[in-house]
Amino acid sequence: MSATVSFTAPTEYGPQDITLSYARVGTGEPLLLLHGIGHHRQAWDPVIDILATEREVIAVDLPGFGGSSALPPSLPHDLPTTTAVLAAFCAALGLDRPHAAGNSLGGLLALEMGRENLVRSVTALSPAGFWNQAERRYAFGVLTGMRRAARSLPLPLVERLSRTAVGRTALTSTIYARPARRSPEAVVAETLALAHAEGFAETLRAGRTVQFTDDLPGVPVTVAWGNRDRLLLPRQGIRAKRIIPRARLVRLPGCGHVPMNDDPALVARVVLDGSRARAASAPSVAPAHAPGPRPLGAKPS
């Protein structure tokens, strides 16, 4: 069920009034879900029902995306400010150090919340921030092109394209490995979300200098990467593992940059496993032959 909450965020630019849109479902330990740039919280819809069997799931529209307004003009859409806003959002909802799972920009934000000790565990799916400069420029160029296309396409054309597998592939194959599986309604909604995202340009601009370089020794971390990610290349997961040595690094076979729709059961399993981990026993990379449960179909890198 969709809702909004207004609160005051104590940012480095002073207290600011913020309103965010979110959905909340399920019972158990809280799990905060964070989407990528230009997307919206509905990106998590394919996995929410599975996650909600074990967790109280809170999927939020980031500032300037989906149903959430952009930050006030005095605030930059940068990593420290957005992290402070998310911390205040959690406080407003009474969430005491939730688990966090994020995709792309959301994965980077989840890691930053872990670095600030704001969450119990982190699961980052193809997180931003582990690129080299050439890879960052490539990704930002692709994102800019996607945004330009979404803003230029008339709605009747988007709706017509969404009704065929070929059309859905044309609209979303950059982020999904199996775009034909996406429902027509979801394709239309996320194309409109990208076109109308108030925070897109400012968030992309702020990301030009972002590089995640810190270990998270006190927080269990899972980093998962689709082996068919065409936006943030899978080799960036190896860099993430070097920076966060105790992280669990998982491959997502057959998945693209936004894997929740490509393989919902696998992604939900990875997120739930990540939220069950404890800092004292957080593993390094488990070898492929290691005993014990691991996400179905996923092989540690």
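Residues numbered from 1 in each chain as written. Predicted model: local features only at pLDDT ≥ 70, side-chain atom pairs only at ≥ 80, totals over all residues. Heavy atoms only, no water.

Student: Which residues make up the packing of helix H5 (residues 155–162) against helix H6 (residues 165–172), and what values do they have?
Tutor: At a minimum axis distance of 6 Å, the contact between H5 and H6 shows a crossing angle of 120°. One way to sum up the angle between H5 and H6 is to call them oblique. For the pair H5 and H6, the contacting residues are Val158, Leu161 and Ser162 in the first and Gly167, Arg168 and Leu171 in the second. Broken down by class, the residue content of the contact of H5 with H6 amounts to three nonpolar, two polar and one charged. (Axes fitted to C-alpha atoms, helices over the stretch in contact; angles between N-to-C directions. Helix = DSSP H or I, 4+ residues; strand = E, 2+ residues; numbered from the N terminus. Parallel < 35°, antiparallel > 145°, perpendicular 65-115°, else oblique. Contact = heavy atoms within 4.5 Å. Nonpolar A, V, L, I, M, F, W, Y, C, P; charged D, E, K, R; others polar.)

Student: Describe the pairing of strand E8 (residues 248–252), and please don't skip the residues or the numbers.
Tutor: In terms of burial, E8 is a largely internal element, four of the five residues being buried. Of the strand pairs in this sheet, strand E7 (residues 221–226) and E8 are connected by five bridges, and their pairing is parallel. Bridging from a neighbouring strand, Ala224 pairs with Val250 of E8. Regarding the hand of the β-α-β motif, the stretch spanning E7, helix H9 (residues 236–243) and E8 is right-handed. (Buried < 20%, exposed > 50% of the residue type's maximum accessible area, 1.4 Å probe, protein only. Pairing = 2+ DSSP bridges. Right-handed = clockwise from strand over helix to strand, strands pointing away.)

Student: I'd like a description of the packing of aromatic side chains, backed by residues and values.
Tutor: For the coordinates displayed, the defined rule picks out four aromatic pairs. A centroid spacing of 5.8 Å and a plane angle of 55° characterise the contact between Phe130 and Phe212, whose relative ring orientation is tilted. Taken together, the residues span a long stretch of sequence, with Phe130 in the loop between strand E6 (122–125) and helix H4 (133–152) and Phe212 in the loop between helix H8 (200–206) and E7 at a distance of 82 residues. Per residue, the accessibility class of Phe130 equals that of Phe212, and both read buried. Here Trp131 and Phe140 contribute two aromatic rings whose centre-to-centre distance is 5.5 Å and whose plane-to-plane angle is 90°, an arrangement assigned as edge-to-face. (Phe/Tyr/Trp six-rings, centres within 6.5 Å; stacked < 30°, edge-to-face > 60°.)

Student: Talk me through the pairing of strand E4 (residues 55–60); I want residue IDs and the actual numbers.
Tutor: Most of E4 sits inside the fold, with six of its six residues counted as buried. With burial as the criterion, each face of E4 is covered, one bearing Arg55, Val57 and Ala59 and the other bearing Glu56, Ile58 and Val60. Here four bridges tie strand E2 (residues 14–25) to E4, and the two strands are oriented antiparallel to one another. Residue pairing in the sheet places Tyr22 in a bridge with Val60 of E4. For strand E3 (residues 29–34) and E4, the ladder comprises six bridges, and the chain directions are parallel. Of the residues in E4, the one forming a bridge with Pro30 is Glu56.

Scope: geometric values only; no functional claims are made or implied.
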